[in-house]
Amino acid sequence: MTYSLPDTAPQTAAGKVLWHFTMSLDGFVAGPNHAMDWMTGIVNPRADITQEYVETTGAILGGRDGFDAFPDADSTYDGTMQGTVFILTHHPEDAPPTPRTTFLNCGVAEAVRIGLEAADGKNLEILSASVGRQALELGLIDEIDLHIAPVLLGDGIRLFDNPGGAPVKLRLLNGDIPTAEINVRYRPAADDQQP
């Protein structure tokens, strides 16, 4: 059987909980110590997709480790995202105040509830590997949205790190065969070549 796999349908603001990341081909969403500099010069984001998320996101839920490494919530989506950023932490008292960030000290389910309420009918994006994994385990994730970057990092923060845990089956949303594998094709690039 031959079929083509269409791009994903445009994102909609439907009060969903999205686990959303740009990820390296080998499954890392951040470098060691939550570094994000690996994306510079490698990732060429698609403006149309970025705009979809800006328009459909009402709130963001992140974790403390990622916040400590990248505390500027006002720069989310280049500063164009207008919703509240919630950071889940066990020690909010020592977090530096930022204008659009609210620190939560509660369980993941309560944090998701608070985030969805603040999203006001738009989507809640989870931008944390750890918080996303916990929300997935609790059955709170509606979609996992991934953008695969043309790089192998080899080290860092994995999207889903669950040694010894059971596999989590997923259904592909773009295409007629929900269990289809996706096909990507890359070629190693020399350091002086643009990807």
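Reading guide: rules and limits
Residues numbered from 1 in each chain as written. Predicted model: local features only at pLDDT ≥ 70, side-chain atom pairs only at ≥ 80, totals over all residues. Heavy atoms only, no water. Patch = residues over 30% accessible without salt bridge, like charges linked within 9 Å, V, L, I, M, F, W, Y side chains within 5 Å. Areas by Shrake-Rupley, 256 points an atom, 1.4 Å probe, with all protein chains shown as cover. Salt bridge = Lys/Arg side-chain N within 4 Å of Asp/Glu carboxyl O. Helix = DSSP H or I, 4+ residues; strand = E, 2+ residues; numbered from the N terminus. Pairing = 2+ DSSP bridges. Axes fitted to C-alpha atoms, helices over the stretch in contact; angles between N-to-C directions. Buried < 20%, exposed > 50% of the residue type's maximum accessible area, 1.4 Å probe, protein only. Polar contact = N/O pair within 3.5 Å; in protein donor to acceptor, adjacent residues only side chain to side chain. Contact = heavy atoms within 4.5 Å.

*Asks:* Outline a nonpolar patch on the surface, supporting the account with residue identities and numerical values.
*Replies:* Taken together, the side chains of Leu25, Leu152, Ile182, Val184 and Tyr186 make up a nonpolar region of the molecular surface, amounting to roughly 460 Å² of accessible area. For Leu25, the location among the structural elements is in the loop between strand E1 (17-24) and strand E2 (28-30).

*Asks:* Run through the sheet that holds strand E7 (residues 143-149), naming residues and quoting values.
*Replies:* As summarised here, the arrangement of the six strands in space is E5-E4-E3-E6-E1-E7, forming an open sheet in which the pairing is parallel. Of all strands in the sheet, those bounded by a partner on one side alone are strand E5 (101-104) and E7. When strand polarity is set aside, the average angle formed by the axes of neighbouring strands in this sheet is 25°. Pairing geometry for strand E4 (residues 84-88) and E5, over four bridges, is parallel.

*Asks:* Could you give an account of the pairing of E1, with specific residues and numbers?
*Replies:* Of all eight residues in E1, eight are buried, a share of seventy percent or more. Where burial is concerned, the two faces of E1 agree: the one with Val17, Trp19, Phe21 and Met23 and the one with Leu18, His20, Thr22 and Ser24 are both buried. Bridge analysis of E1 against strand E6 (residues 123-126) gives three bridges, and the strand direction is parallel. In the strand pairing of E6, Val17 is matched with Leu124.

*Asks:* Tell me about the side chain of His20, and name the residues and values.
*Replies:* Within the secondary structure, His20 is located in strand E1. Using a relative accessible area of 6% as the deciding quantity, one classes His20 as buried. Of note is the side chain of His20, whose polar atom sits 2.7 Å from the side chain of His147. Ignoring anything within four residues of it in the chain, the contact list for His20 reads Tyr53, Tyr77, Glu125, Ile126, Leu127, Asp145 and His147.

*Asks:* I'd like a description of the pattern of salt bridges, backed by residues and values.
*Replies:* The tally for this structure, following the rule as stated, stands at seven salt bridges. One salt bridge in this structure joins Arg46 and Asp48, with 3.2 Å as the shortest N-O distance. Note that Arg64 is salt-bridged to Asp94, the shortest N-O span being 3.1 Å. Here Arg64 is found in helix H2 (residues 64-69), whereas its partner Asp94 is found in the loop between E4 and E5, with 30 residues between them in sequence. Assessed through its relative accessible area of 9%, Arg64 is described here as buried. A cluster of three or more residues bridged by salt bridges with shared partners is formed by Arg64, Asp68 and Asp94.

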